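# Observations on the model geometry
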Amino acid sequence: MAIRASVQADSEDECVEGLAQLVDAGFVPIMMPRYMTDGRWLARAVPAPRQARNTEPADR
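Read on for a plain summary of the structure. (Residues numbered from 1 in each chain as written. Predicted model: local features only at pLDDT ≥ 70, side-chain atom pairs only at ≥ 80, totals over all residues. Heavy atoms only, no water.)

### So, the overall build of the protein chain
Which entries qualify depends on this criterion: Secondary structure is summarised from DSSP: a helix means a run of H or I of at least four residues, a strand means a run of E of at least two, and numbering begins at the N terminus for each. Relative accessible area decides the class of each residue, using a 1.4 Å probe on protein chains only: under 20% of the type maximum gives buried, over 50% gives exposed, and in between gives partly exposed. We call two residues in contact whenever any of their non-hydrogen atoms come within 4.5 Å of each other. Here the open area of atoms and residues is found with the Shrake-Rupley method and a 1.4 Å probe, where only the protein chains shown may cover a residue.
Scanning the protein chain from terminus to terminus reveals one helix and three strands. Reading the protein chain from its N end, one meets helices and strands in the order β-α-β-β. Across the 60 residues in the protein chain, those meeting the buried criterion constitute 23%. Restricting to contacts in the protein chain with at least 6 residues of sequence separation, those with at least 24 account for 40%. Counting every atom, the protein chain has about 5000 Å² of accessible surface; 48% of that belongs to carbon and sulfur.

Here it is in structure tokens:
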């Protein structure tokens, strides 16, 4: 998937909160919060895959 969203934060707690907001918006984490060498926290997520729609009528 080409679309990726990143959370960059000053603390682990802020990064976790930002990642939780992405999950609430329909994203799936692909990188849990990590401390980077430049003193920041980083996490990544991608959009959740869409489920196939059933085009058949429900009552058959």
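### Here we look at the pairing of strand β3 (residues 41-47)
Heads up, the rule is: Strands qualify as paired when DSSP identifies two bridges or more between them.
Burial within β3 is extensive, with five of its seven residues counted as buried. By the bridge criterion, six bridges tie strand β2 (residues 27-35) to β3 in an arrangement that is antiparallel. Opposite Arg34, over in β3, you have Leu42 as the bridge partner. Where β2 folds back on β3, the antiparallel hairpin that results is connected by five residues, among which Gly39 adopts a positive phi of roughly 85 degrees.

### So, the nonpolar core
Defined as follows: As used here, the term nonpolar core means buried Ala, Val, Leu, Ile, Met, Phe, Trp, Tyr and Cys residues forming a set that is joined through side-chain atoms within 4.5 Å.
Ala5, Val7, Ala9, Cys15, Leu19, Leu22, Trp41, Ala43 and Ala45 form the largest nonpolar core, which has nine residues in total. Breaking this core down by element, the ones donating at least two residues are β1 (5-9), α1 (12-24) and β3. Ignoring anything within four residues of it in the chain, the contact list for Ala9 reads Glu14, Cys15, Arg40 and Trp41.

### Concerning the pattern of salt bridges
Our working rule: We define a salt bridge as a contact between a side-chain nitrogen of Lys or Arg and a carboxyl oxygen of Asp or Glu at a distance within 4 Å.
In total, this model carries one salt bridge according to the counting rule given. The salt bridge partner of Asp38 is Arg40, with a shortest N-O separation of 2.6 Å. Among the residues examined, Asp38 registers a relative accessible area of 52% and is labelled exposed. For Arg40, a relative accessible area of 23% gives the class partly exposed.

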